[in-house]
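A closer look at the structure
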Amino acid sequence: MPYPYQLKTLQAYKEAYQKSVEQPEEFWGDVASHFTWKRKWDKVLEWNFEQPDVKWFTGAKLNITENCLDRHLDTIGNTPAIIWESNDPEEHHRVLTYKELHFKVVQFANVLKNNGVKKGDRVCIYMGMIPELAIATLACARIGAIHSVIFGGFSAQAIADRLEDAKAEYIITCDGAYRGAKAIPLKDVVDDALIGNHTIKKVIVATRTRTPVSMIKGRDIWWEDEIKKVETHGNPDCPAEEMDAEDILFILYTSGSTGKPKGVVHTCAGYMVWTNYTFVNVFQYEPGQIHFCTADVGWITGHSYIVYGPLSAGATSLMFEGVPTWPDAGRFWQIIEKFKVNILYTAPTAIRSLMGFGLDFVNGSDLSSLKTLGSVGEPINEEAWHWFHKNIGKGNCPIVDTWWQTETGGVMISNLAGVTPAKPAHATLPLPGVQPCLLDENGALIEGNTVSGNLCIQFPWPGMIRTTYNDHERCRQTYFSTYKNFYFTGDGCLRDENGNYRITGRVDDVLNVSGHRIGTAEVENAINMHAGVVESAVVGYPHDIKGQGIYAYVIYDGSHGDAHLSRQDITHTVSRIIGPIAKPDKIQFVPGLPKTRSGKIMRRILRKIAEGDVSNLGDTSTLLDPGLVDIIKEGRI
Ligand code: PRX
C-alpha cells in the first residue's frame, strides 16, 4: 500500500509543514482523499477554541474498520495484520492475516449485535493483551458502539467509577490475564466493580487463563459460546455501520489535576486520518515491515499505534502479552530476533529498567532487523537515549522521540525517522498540522528561540480531543480556559536555538510515573480512604527508573497500628482504589502539612523536600506554622 503523503526528505517535510499552516483545509483534504469514505465531506474544518467546538470533515460518512480491514482484503489480505506473542515464550505465537482479522472482527461484531449492542452504546473493554482485545475494539467500531478500554491494571473501584461516568451497558473481559509470573483474575475484578452497578446488561468473557470464574445467570456469557451462535461456514458478514465524521469512536479515561479521571472523547474521521498520517510519517513505515509497539491497548499509545494507525496503513502490528523482564530481561530482544522486528516503539522507563540488567541480555539476540526506534510517554534522558541508540540500534537506527498525549490522539512533536534531524532528549519539530507555541504565566506569547514556557497549540489538528464525555464544560476549563484561544497541554517546554522543542514535564498536579499519568489528587483521595489517615499530600520526585516516583506525606492517627504496617496498609488501600501503578514509593508520616494562612498546602516546599533539595526552600514566612518545615525535613525518607 503506497502512502502518497509520506514525507521522504527534509525539504518535503518543510513544504508540507508550510502548506499545513497556510492552507490547512487543502492540506488535510488531500491527505483524507486517500481513505475510504461512504460519503465525502462538505467542509474540511470548522472550529473555535472558545466553546471549544472543533469539527473535521463535516458531513463525511465512513467506518474506520473499512479503512483498517476491508480496503486491504484484495491487495494484502494474506499479509499478517497482527502477530501476537504470548507472555509465555514456550506458547506458540498467533498470526492473524488481514483476511483472518476481518473475519474475526465481523464475527464478533455479530456477537455484539446478537446481544443487543447498538450504535452509540458504551462498551467497556477490560482485557489482557490478547488478539481478542483488538478484535473487540474493532468490532465495536464496526457497529458504531463506543468503546472505552480500561487498562488491565486498574482496580475494581477505578473500573466502577469509569463505568458510571460512561453509563456503560456492556463489558468485554477475560477470565484472567497473564503478566510475567502472575495471572491476574480480571473477571473477579469486574465482578467487584459491578457490585452496585445498575447500567451493565451483559458481560462477555473470553477465555485465557482458565482460572475459575463465577458466571452470573442472565448477565455473564462466554465469548466462545457466543461465537458459536453466529458461526457460519462461509464468510460472515456484518455491514460496517455508517458513521458521521464527528460521531464518537471511543472514550479513554485519563488523569488530570482533579481527583476524578476524565473521559477523553475521540471521533471517527479526524482520529483515523491523524493516527494513520502520523504512523506513516513518524516511523517512515514501509509495506512489509514489522512494527512492535510495546504499550498496552489500555493506553492511548496502544489504541493509536498498535490498532488504528498501523492497521489503517496495512501494516503488520506485533502485539506482546507479557512484560520486558520475564522470564528474563532479554524478552524484548528475543522477540525482535524471533519476528525480525523493524520498528520498536517503547517507553523510556522500559529502556532505563533494561539498561540496569546489563548488555549480556541484549547481546544474546540478533537485532539486525531493526530500522527505527521510538520513545514515548515521558521525557527520555540523554543517558537512556544514548544507550538505546548504541546498544539496541547499533548506532544505525534513528530514534524518534514522540511527544503527544491521550488528548492529542497521535504524535504531535517528533522527528520523522531518518528524514528530519534527531537531537537526544528533544522531541524536535512539530508534525505538519501542529502549531505549537510557548506562553508565559500571564498568557503572553514567548517568541524567538532559546526560551522556555508552557506548551500550547494554537490551531486545531484532526486527532484532537473533542470533549470530555458528558461534561463539555470540564473539557473547556481544563484545556481551553487557561489561555484564551489556545489548547493548553499542561506541559512545560524549552525551545532551543534551532526551534527544537524539549518537553520538560508537567506543570500541573499530574505525575508521570513509568510513562503513566497519575493525578496527585487521585492518589490523595485514595490514601485518605484509609481509616487511620487524617490528611495527605502527594508530590513527585525524580526516580531513576520510573522517571517520577510518588512521595506521600501523611498525617496519621497512630492509634491504628505501627508505622511499618500502616505504610503497608496505605499502599494496599491505594492499590485497591486505583491500582498498583499508583502505589506510593515513599510514605512519610508527618504531624502536619505546611499550609498558608488561607489553608493552601505549599506543595513547592513538599516537592523540594521529596527531591532532597532542602538547602533553599524559599520563603516560608507565609506559612501558618513555619516550624513544621524543619520537622518534615528531618523526617525525610
Ligand atoms: O507530560 C507529557 C508526557 O506524557 C503526557 C501525556 O500522557 P498520556 O496522555 O498518558 O500519553 C502518553 C502517551 C502519549 C504528556 O503531557 N509525554 C509524552 N510523551 C513525551 C512526554 N514527555 C516528554 N517527551 C515525550 N516524548
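So, how was this worked out
Residues numbered from 1 in each chain as written. Predicted model: local features only at pLDDT ≥ 70, side-chain atom pairs only at ≥ 80, totals over all residues. Heavy atoms only, no water. Helix = DSSP H or I, 4+ residues; strand = E, 2+ residues; numbered from the N terminus. Rg over C-alpha atoms; globule rule 2.2 N^0.38 Å. Buried < 20%, exposed > 50% of the residue type's maximum accessible area, 1.4 Å probe, protein only. Areas by Shrake-Rupley, 256 points an atom, 1.4 Å probe, with all protein chains shown as cover. Lys, Arg positive; Asp, Glu negative; His and termini not counted. Charge placed at Lys NZ, Arg CZ, Asp CG, Glu CD. Near = heavy atom within 4 Å. Polar contact = N/O pair within 3.5 Å; in protein donor to acceptor, adjacent residues only side chain to side chain. Disulfide = S-S within 2.5 Å. Core = buried A, V, L, I, M, F, W, Y, C linked by side-chain atoms within 4.5 Å. Domains from an automatic or database assignment. Contact = heavy atoms within 4.5 Å. Pairing = 2+ DSSP bridges. Phe/Tyr/Trp six-rings, centres within 6.5 Å; stacked < 30°, edge-to-face > 60°. Lys NZ or Arg CZ within 6 Å of the ring centre and 35° of its normal. Arc of directions from axis to C-beta. Buried area = accessible area lost by both parts, 1.4 Å probe. Salt bridge = Lys/Arg side-chain N within 4 Å of Asp/Glu carboxyl O.

Quick look at the overall build of the protein chain
Each helix and strand counted, the protein chain has 20 helices and 31 strands in total. Its C-alpha radius of gyration of 24 Å places the protein chain within 12% of the 26 Å reference for a compact globule of 637 residues. Dimensions of the protein chain, computed from C-alpha atoms along their principal axes, come out at roughly 75 × 60 × 55 Å. Relative to its full complement of 637 residues, the protein chain shows a buried share of 60%. Accessible surface, the protein chain as shown: approximately 24000 Å² in total, 50% of it carbon and sulfur. One way to put it: in the protein chain the 63 positive side-chain charges average out to a point 2 Å from where the 74 negative ones average out.

Some remarks on the site of the ligand
Around the ligand, 16 residues are found, and the nearest of them are Asp401, Thr402, Thr406, Asp491 and Arg517. Here an oxygen atom of the ligand sits 2.7 Å away from a polar atom, N or O, in the side chain of Asp491. Within the side chain of Arg517, an N or O atom sits 2.7 Å from an oxygen atom of the ligand. Of all the elements in the fold, those that place two or more residues in the shell around the ligand are β20 (399–402) and β26 (501–506).

So, the state of the cysteines
Overall, the coordinates contain zero disulfides when judged by the stated rule. The thiol of Cys293 is not disulfide-bonded; the next cysteine sulfur, from Cys68, is found 15 Å away. Between Cys437, a cysteine without a disulfide, and Cys456, which holds the nearest cysteine sulfur, the sulfur-to-sulfur distance is 5.3 Å.

Notes on the nonpolar core
Among the nonpolar cores identified, the biggest contains 166 residues, and Trp28, Trp37, Phe57, Leu101, Phe108, Ile172 and Trp223 are the most heavily contacted of them. No other element matches the ten residues that helix α10 (residues 268–282) contributes to this core. In terms of domain composition, this core takes at least three residues from each of domain 1 (10–408) and domain 2 (513–634). In contact with Phe57, other than residues within four places in its own chain, are Trp28, Ala32, Trp37, Trp41, Lys43, Val44, Ala245, Ala269, Gly270 and Val273.

Structural notes on the sheet that holds β26
Backbone hydrogen bonds are what pair the strands of a sheet, in a parallel or an antiparallel way. Strand order in the open sheet made by the five strands is β22-β21-β23-β25-β26, with antiparallel pairing throughout. In this open sheet, the two edge strands, each paired with only one partner strand, are β22 (445–446) and β26. By the bridge criterion, two bridges tie strand β21 (residues 436–439) to β22 in an arrangement that is antiparallel. Bridge pairing links Leu438 to Ile446 in β22.

A short note on unusual backbone geometry
Residue Pro52 is reached from Gln51 by a cis peptide bond, and omega for that bond is -10°. Within the secondary structure layout, Pro52 lies in the loop between β1 (43–48) and β2 (53–58). Cis geometry marks the peptide bond from Trp326 to Pro327; its omega dihedral reads -5°. For Pro327, the position within the fold is in the loop between β17 (316–320) and α12 (331–339).

Description of the packing of aromatic side chains
Here the structure, examined in full by the defined rule, presents 39 aromatic pairs. Ring geometry for Phe108 against Trp223: centres 3.8 Å apart, planes inclined by 10°, an arrangement best described as stacked. Pair noted here: Phe108 is in helix α5 (residues 98–114) and Trp223 is in helix α9 (residues 223–230), with a separation of 115 residues, a long-range link. Judged by relative accessible area, which is 7%, Trp223 ranks as buried. Following the ring pairs from residue to residue traces out a cluster consisting of Tyr5, Phe27, Trp28, Phe35, Trp37, Trp41, Trp56, Phe57, Trp274 and Tyr277. Positioned over the ring face of Phe154 is Arg162, at 4.4 Å from the centre of the ring.

Topic: helix α20 (residues 627–634)
Note on helix geometry: an α-helix contains 3.6 residues per turn, so any two residues three or four positions apart are oriented the same way. Looking only at α20, the buried set comprises Leu628, Val629 and Ile632. End-on view of α20: buried residues confined to an arc of 100°, all on one side of the axis. Where α20 is buried, its residues meet β30 (547–556), β31 (586–589) and α19 (603–611).

A word on the domain arrangement of the protein chain
Each assigned domain of the protein chain is listed here: domain 1 (10–408) and domain 2 (513–634). Taken over C-alpha atoms, the centre of domain 1 sits 34 Å from the centre of domain 2. Counting from both sides, the interface comprises 23 residues of domain 1 and, opposite them, 20 residues of domain 2. Between domain 1 and domain 2, the buried area comes to about 1500 Å², and carbon and sulfur atoms account for 50% of it. If you look at where domain 1 meets domain 2, you find one salt bridge. Residue Glu407 pairs with Arg517 through a salt bridge whose shortest N-O separation is 2.8 Å. Only α7 (156–166) and α13 (348–355) provide two or more residues apiece to the side of domain 1 that touches domain 2.

Observations concerning the pairing of strand β19 (residues 372–376)
The buried fraction of β19 is high, at five of five residues. Where strand β18 (residues 343–346) lies against β19, four bridges are found, and the strand directions are parallel. Among the inter-strand pairings, Tyr345 is bridged to a residue of β19, identified as Gly374. Pairing between β19 and β20: four bridges, direction parallel. Among the inter-strand pairings, Gly374 is bridged to a residue of β20, identified as Val400.

A few points about the pattern of salt bridges
Applying the stated rule across the entire model yields 35 salt bridges. For Glu66, the salt bridge is made with Lys38, and the minimal N-O distance between the two is 3.3 Å. Residue Glu66 is found in helix α3 (residues 64–68), and its partner Lys38 is found in the loop between α2 (24–32) and β1; the two are separated by 28 residues along the sequence. Its relative accessible area of 34% is what places Lys38 among the partly exposed residues. Ionic contacts of the salt-bridge type, sharing partners, join the residues Lys187, Asp191, Arg219 and Asp220 into one network.

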